[in-house]
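Each chain, letter by letter, is given below.
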Amino acid sequence: MTSVNVPGLAPWRDAARTTAERVESLLADLTLEEKVAQLGSVWVQSDEPGNVAPLQDRFTVADGMEERLRYGQGHLTRVYGTAPVSPAEGAARLRSMQEQVMAANRHGIPAIAHEECLTGFATYGATAYPTPLAWAATFDPGLIERMAAAIGADLRAAGVHQGLSPVLDVVRDYRWGRVEETLGEDPYLVGQLGAAYVRGLEGAGVIATLKHFAGYAASRAARNQAPVSIGPRELADVILPPFETALREGGARSVMNSYTDVDGVPVGANPHLLRGVLREEWGFDGTVVADYWSIPFLASMHGVAEDLPDAGAVAMLAGIDVELPETHGYGAHLVGHVRAGRVDEALVDEAVRRVLRQKIELGLLDAAPDADPDSDLAPELAPELDLDSPRNRRLATAVAERSIVLLGNTGRVLPLDPATTARIAVLGPAPTTRVRCSAATPSPTTSSTATPSTAPACRSPPSGSGWRPSSRMPSCATPSAPT
């Protein structure tokens, strides 16, 4: 084949053509090895002590960069977030890696750079915003959308294309150790605030990644990565709705699978969830990316694959498009499965189409992106990039202030007169029980019947926020008699 890495020559570099035409033109010119390379990732880790992902040391790849980039690369993993780096250092490192990626493959295709960004750009010196539990307490989708837009703007300015957020896991047990990453226990609230975050991130030109699909926070005894034992109705009514909302109303372009198994089937090996629900029922046409090491876990933890090569075949058949954070099960193993007839090449083509489409949407396949110093590969003006700007701090402060919830009317903060006959209804399965919750263990204590001066305050959502209560949620507008 002849190299087509010449600006203006290749149809897939022609921005005047439709995205579909450009994708098909490039796909037709890729070898099997080059196609599979677009479904992998590379993580060049530093020598800094400590891990930023589970079992990071165990899965470190020893091969040199030249061999790993030989046919191209789908993703670059956490160039900014692996070790403390300044914006200038991170941008220089990202630009250098992108240049290596483009030089190594004959089409000059750059990689998608992804980072964590749940409470802000997860890199040294960036603003840390309040946790998602605080977002939920604001009941203000507009504010959360503005926060996410600011996060997305910082990511994009730093040359990052995809953010691994938001977390849409619905909490079922407060002992689960990642509760602070969630938006709580109400599926409607999780979906509305999650969709707002997605709109902000996607509106800034950054691909939002919904996680963890699905059931991650509903594990037995609240143990991390433990099996999930729920029936189809609870899955449909509680776990899945936030994801569908964030896809339909937010426009998320990526979904990350859950580590867990649901009713005995690991999500990474579950075509019913990844192909049936996501694609056939909901019409999702974005990418499904693997949670870190979840493809190797199909062999080492779940035991549904014989070894790493086998895990790659299982994951591709189930519907995982891109392996993160490193390429273990895909790569040469997946090429071998296609040539042996175990995996249909059409499945690979489907996944590659989705990746290439996103690279085109991001502007990465326009004419000569490497020749433009202001391109999205990495900014030249990184030393001037302020990731903790006054704007960011004002937004973080606003979210923190709006998240404050009044649990008692000490000092008569609310204008409620205990001498009146007005009462506030405290509804639910345990209206006379007060529960103090944390990310560790809830501590229930019995309280007396609620009165206007001691009952948890019920407040209306902010005017114009877009918040709409569900039919199960009592109105806060008028105090009602106790039930």
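All figures in this text were calculated on a predicted structure; none of them were measured in a lab. (Residues numbered from 1 in each chain as written. Predicted model: local features only at pLDDT ≥ 70, side-chain atom pairs only at ≥ 80, totals over all residues. Heavy atoms only, no water.)

A description of the overall build of the protein chain should follow, citing residues and the corresponding values.
For the protein chain, the helix and strand inventory stands at 15 helices and 11 strands. In the protein chain, the share of contacts with a sequence separation of at least 24, taken over all contacts with a separation of at least 6, comes to 78%. Carbon and sulfur atoms form 53% of the exposed surface of the protein chain, whose accessible area is close to 20600 Å². (Helix = DSSP H or I, 4+ residues; strand = E, 2+ residues; numbered from the N terminus. Contact = heavy atoms within 4.5 Å. Areas by Shrake-Rupley, 256 points an atom, 1.4 Å probe, with all protein chains shown as cover.)

Please set out helix 15 (residues 390–402) residue by residue, giving values where relevant.
Given a rise of 1.5 Å per residue, 13 residues ought to cover 18 Å, and the 18 Å separating the end C-alpha atoms of helix 15 matches this to within 8%. Along helix 15, the residues that are buried comprise Asn392, Leu395, Ala396 and Val399. Looking straight down helix 15, one finds that the buried residues subtend no more than 100° of arc, so they occupy a single side. Every exposed residue of helix 15 that faces more than 90 degrees away from the buried side is listed here: Pro390, Arg393, Arg394 and Glu401. Next to the buried residues of helix 15 lie helix 5 (132–138) and helix 6 (141–157). (Expected span 1.5 Å × (residues − 1). Buried < 20%, exposed > 50% of the residue type's maximum accessible area, 1.4 Å probe, protein only. Arc of directions from axis to C-beta.)

Outline helix 10 (residues 271–281), listing residues and values.
Buried within helix 10 are the following residues: Leu273, Leu274, Arg275, Gly276, Val277, Leu278 and Arg279. The backbone nitrogen of His272 lies 3.0 Å from a side-chain oxygen of the residue at the head of helix 10, namely Asn270. Backbone geometry just after helix 10 places Gly283 at a positive phi near 75°. (Polar contact = N/O pair within 3.5 Å; in protein donor to acceptor, adjacent residues only side chain to side chain.)

With reference to specific residues and values, describe the pattern of salt bridges.
Here the structure, examined in full by the defined rule, presents 26 salt bridges. The residue Glu234 makes a salt bridge to Arg172 at a minimum N-O spacing of 2.9 Å. Taken as a pair, Glu234 in helix 8 (residues 232–239) and Arg172 in the loop between strand 4 (162–163) and helix 7 (187–203) lie far apart in primary sequence, 62 residues in all. The class for Glu234 is partly exposed, based on a relative accessible area of 27%. Taking the shortest distance from any N to any O, the salt bridge between Glu350 and Arg275 comes out at 3.8 Å. Taken together, the positions of Glu350 in helix 14 (residues 345–361) and Arg275 in helix 10 put the pair 75 residues apart, joining distant regions of the chain. Several salt bridges converge on common partners, so that one network encompasses Asp29, Glu34 and Arg106. (Salt bridge = Lys/Arg side-chain N within 4 Å of Asp/Glu carboxyl O.)

Please provide a residue-by-residue account of the nonpolar core, values included.
The nonpolar side chains of a soluble globular protein tend to be buried with one another. If you look at the biggest cluster of nonpolar residues, it comprises 123 residues, and the most contacted ones within it are Leu39, Tyr197, Leu210, Phe213 and Leu278. When near neighbours in sequence (up to four residues on either side) are disregarded, Leu278 contacts Phe213, Leu247, Val255, Leu273, Gly283, Phe284 and Val288. Membership of the second largest hydrophobic core comes to six residues, among which are Met102, Ile112, Ile207 and Leu364. (Core = buried A, V, L, I, M, F, W, Y, C linked by side-chain atoms within 4.5 Å.)

Give a detailed account of the pairing of strand 6 (residues 254–257), specifying residues and quantitative values.
Here strand 6 shows two buried faces, one formed by Ser254 and Met256 and the other by Val255 and Asn257. In this sheet, strand 6 lies alongside strand 5 (residues 207–213) in parallel orientation, the contact comprising three bridges. Directly across from Phe213, in strand 6, lies its bridge partner Asn257. Here strand 6 runs beside strand 9 (residues 287–289); their pairing, made up of three bridges, is parallel. Along strand 9, the bridge assignment pairs Ser254 with Thr287. (Pairing = 2+ DSSP bridges.)

Describe the packing of aromatic side chains, naming the residues involved and giving the relevant values.
Applying the stated criterion to the full structure yields nine aromatic pairs. Here the aromatic rings of Trp43 and Tyr292 are separated by 5.7 Å at their centres, their planes lie at 55°, and the arrangement is tilted. Taken as a pair, Trp43 in the loop between strand 1 (41–42) and helix 3 (65–68) and Tyr292 in the loop between strand 9 and helix 11 (294–300) lie far apart in primary sequence, 249 residues in all. With relative accessibility at 4%, the residue Tyr292 sits in the buried group. Aromatic side chains Tyr216 and Tyr259 sit 6.0 Å apart centroid to centroid with 70° between the ring planes, which places their arrangement in the edge-to-face category. Residue Tyr216 is found in the loop between strand 5 and helix 8, and its partner Tyr259 is found in the loop between strand 6 and strand 7 (261–262); the two are separated by 43 residues along the sequence. Pair check on accessibility: Tyr216 and Tyr259 agree, each one buried. Taken together, the aromatic side chains of Trp176, Tyr216, Tyr259 and Phe297 make up a single cluster linked through ring pairs. (Phe/Tyr/Trp six-rings, centres within 6.5 Å; stacked < 30°, edge-to-face > 60°.)

Please provide a residue-by-residue account of the sheet that holds strand 6, values included.
Note: strands within a sheet are paired through backbone hydrogen bonds, in either parallel or antiparallel orientation. Pairing in this open sheet of seven strands is parallel, and the strands run 1-2-3-4-5-6-9 from one edge to the other. A single partner strand is all that each edge strand has here, and the edge strands are strand 1 and strand 9.

If you had to explain the pairing of strand 5 to someone new, which residues and values would you point to?
Most of strand 5 is tucked away: seven of the seven residues are buried. With helix 7 bridging strand 4 and its parallel neighbour strand 5, the resulting β-α-β unit is right-handed. (Right-handed = clockwise from strand over helix to strand, strands pointing away.)

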